[in-house]
Amino acid sequence: MIWERMIRAAKLDSSLYNEVEQDVSATSQALIVVVLVAVLSGIGGLILALTIPFLGLGGGVRELITGIISALIAWAVWSLVTYWVGTSFFGGKATYGELLRCLGFAYTPSALGFFIFIPVLGPLIAFVGSVWALVAMVIGIREALDVTTGNAVITAIIGFVIMLIVTAVLGALGLGGPMNLGRMGF
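Presented here is a report on the structure given in the accompanying data block. Every value quoted in this text rests on a predicted model; they were computed, and no experiment measured them.

Right, let's talk about a nonpolar patch on the surface for a bit. A surface patch of nonpolar side chains, amounting to about 530 Å² of accessible area, comprises Leu124, Phe127, Val128, Val131, Trp132 and Val135. As for its position among the elements, Val128 is in helix α6 (residues 121–145). Exposure remark for Val128: the relative accessible area of 42% places this residue in the partly exposed category.

Now the structure itself:
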């Protein structure tokens, strides 16, 4: 069932987001999606790291582990920020859990980050996956909060700016790792 849902998320099927919004048991599936995407992206990064002499296997494994942790934190915080923006400014109607589930499945296209190690094409494929995931997130925000597409886009933009500021502040304090925007699928 999770694979079918991931395929529907990748197809930008809005009925999937309505389905997982209402399915409390889908929270664990959304968590699996986020971890799976982080692992796939991390493995791609690990393969790339093996081609970089000063990073090597140890650095690649460290990046894989911190990538998974960062992805989970970013998913939780991104969901909270967009929940707050959407409900506070646009009258969105959802719980944090509903938005968390929708955005978890919206990460699916970011699995293309696995291909980052392919010379020249890999970064382009990963970028396409990130843009695709962003579109999926807008749909997830729209469906979870029951707002217009325009309000969902604005919610995502405001949320992104807030996350960018938080990331910059944490980075300036030397704590930027867990909030890496790249781990969010952007």
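On to the nonpolar core. If you look at the biggest cluster of nonpolar residues, it comprises 37 residues, and the most contacted ones within it are Tyr17, Phe105, Tyr107 and Ile141. For this core, the leading source of residues is α6, giving 7 residues. In contact with Tyr17, not counting residues within four places along its chain, are Ala9, Cys102, Phe105, Ala106, Ala136, Ile139, Gly140 and Glu143.

Further remarks concern the pattern of salt bridges. Pairing is possible between side chains of opposite charge, provided their charged atoms come close. A complete count under the given rule lists 6 salt bridges for this structure. We note a salt bridge from Glu4 to Arg8, for which the minimum N-O separation is 3.9 Å. Taken together, the residues Glu4 and Arg8, both in helix α1 (residues 2–10) and 4 residues apart, mark about one turn of the helix. Of the residues examined, Arg8 reaches a relative accessible area of 15% and is grouped as buried. For Arg8, the salt bridge is made with Glu19, and the minimal N-O distance between the two is 2.9 Å. In this pair, Arg8 sits in helix α1 while Glu19 sits in helix α2 (residues 14–22), placing the two residues 11 residues apart along the sequence.

Definitions and cut-offs
- Residues numbered from 1 in each chain as written.
- Predicted model: local features only at pLDDT ≥ 70, side-chain atom pairs only at ≥ 80, totals over all residues.
- Heavy atoms only, no water.
- Patch = residues over 30% accessible without salt bridge, like charges linked within 9 Å, V, L, I, M, F, W, Y side chains within 5 Å.
- Areas by Shrake-Rupley, 256 points an atom, 1.4 Å probe, with all protein chains shown as cover.
- Salt bridge = Lys/Arg side-chain N within 4 Å of Asp/Glu carboxyl O.
- Helix = DSSP H or I, 4+ residues; strand = E, 2+ residues; numbered from the N terminus.
- Buried < 20%, exposed > 50% of the residue type's maximum accessible area, 1.4 Å probe, protein only.
- Core = buried A, V, L, I, M, F, W, Y, C linked by side-chain atoms within 4.5 Å.
- Contact = heavy atoms within 4.5 Å.

Geometric descriptors of this kind do not, in isolation, establish any biological role.
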